[in-house]
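# Chain and residue survey
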Amino acid sequence: MSRTRTTFALGLATAGALTLGAAAATAAPSPAPLPAAGSTTVTPAGHAFQATLSGKATLKAGAVTVTCTVSVSTGTVPAAPGNHNPAGPVSSPISAPTYSSCTASLPGVTPTVTTSGAWQVSMQHGSPITATMTVPTGGLVLKTTGLASCTVVTAPTAPANVPGTWTNGSPSTLTFTNASVPVKVTGGFGCPTSATSSTFNAVYKVADTTDPSQQITVAP
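Each value, and the rule that gives it
Residues numbered from 1 in each chain as written. Predicted model: local features only at pLDDT ≥ 70, side-chain atom pairs only at ≥ 80, totals over all residues. Heavy atoms only, no water. Pairing = 2+ DSSP bridges. Helix = DSSP H or I, 4+ residues; strand = E, 2+ residues; numbered from the N terminus. Phe/Tyr/Trp six-rings, centres within 6.5 Å; stacked < 30°, edge-to-face > 60°. Buried < 20%, exposed > 50% of the residue type's maximum accessible area, 1.4 Å probe, protein only.

## Some remarks on the sheet that holds strand E6 (residues 84–85)
Taken in spatial order, the 3 strands line up as E6-E2-E17 in an open sheet, and their pairing is antiparallel. The sheet is open, and its two edges are formed by E6 and strand E17 (217–219), each paired on a single side. Bridging between strand E2 (residues 40–43) and E17 involves 3 bridges; their strand directions are antiparallel. Its bridge partner lying in E17, Thr41 is registered against Ala219.

## Some points on the packing of aromatic side chains
Using the criterion set out here, one finds 2 aromatic pairs in the structure. Ring centres of Tyr99 and Phe200 lie 6.5 Å apart, and the angle between their planes is 85°; on these two criteria the pair is classed as edge-to-face. Of this pair, Tyr99 sits in strand E8 (residues 98–104) while Phe200 is found in strand E16 (residues 197–208), placing the two residues 101 residues apart along the sequence. As far as burial versus exposure is concerned, Tyr99 and Phe200 are alike and both buried. For the ring pair Phe176 and Phe200, a centre distance of 5.5 Å and an interplane angle of 35° mean the geometry is tilted. With Phe176 in strand E15 (residues 172–187) and Phe200 in strand E16, this pair connects stretches of sequence that are 24 residues apart. Its relative accessible area of 1% is what places Phe200 among the buried residues. Each member of the aromatic cluster is reached from another via a ring pair, and the members are Tyr99, Phe176 and Phe200.

## Thoughts on unusual backbone geometry
Residue Pro81 is bonded to the preceding Ala80 through a cis peptide linkage, with omega at 5°. Within the secondary structure, Pro81 sits in the loop between strand E5 (64–76) and E6. Across the junction of Ser127 and Pro128, the peptide omega takes the value 5°, indicating a cis bond. Inspection of the secondary structure puts Pro128 in the loop between strand E10 (119–124) and strand E11 (129–135). With phi around 45°, Ala155 is a residue other than glycine that occupies positive phi space. Here Ala155 is to be found in the loop between strand E13 (150–154) and strand E14 (160–167). Taking the relative accessible area as the measure of exposure, Ala155 reaches 0% and is therefore buried. In this structure, Asn178 takes a positive phi of about 50° despite not being glycine. Looking at the element boundaries, Asn178 is found in strand E15. Under the relative-accessibility criterion, Asn178 is labelled exposed at 55%.

This is the structure we're talking about:
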């Protein structure tokens, strides 16, 4: 099901004026192999959760920044034994995040966002615990009106992985810091058609909605 929200742009190009050794005989040493991913367990198994924005989310493309103060997504921890992976991350489906109460640093532009498709978040235990939000192909489409009429498509050719970190707590938090999101921009005068990515910053508090007395936790 698609969701439409005004005044947001995960990918954003909110329009208007986005400024956007050969002689050696010895062979080079082989790179060291990457360490194998460790085990991950997300608990409580089968519990539903809600991720709620803490503070504000900022989306920046070029010289333009959009700030949103309301954002929510929901999901479910996989039931056992799917909540444990002995050698890698654990993934949970989530609803497409909604965003509202947003403002743009560029006046005179109104963005409308439609989200669709299957979104998910994956957690990998480690130091730090990493979290990856996957945006499906074309999963977010932004259209602007006002000073410029532009269309911005996130993950335009393939699903995009947005890297973040997870911190266990009461509640646990999911943080995205200067995360890069691929975009494709089309439109007329004033549209930043050369932009290929935007930057996303946000912190979400993640609460157990099946049993509010418990916490969603990532462990080995």
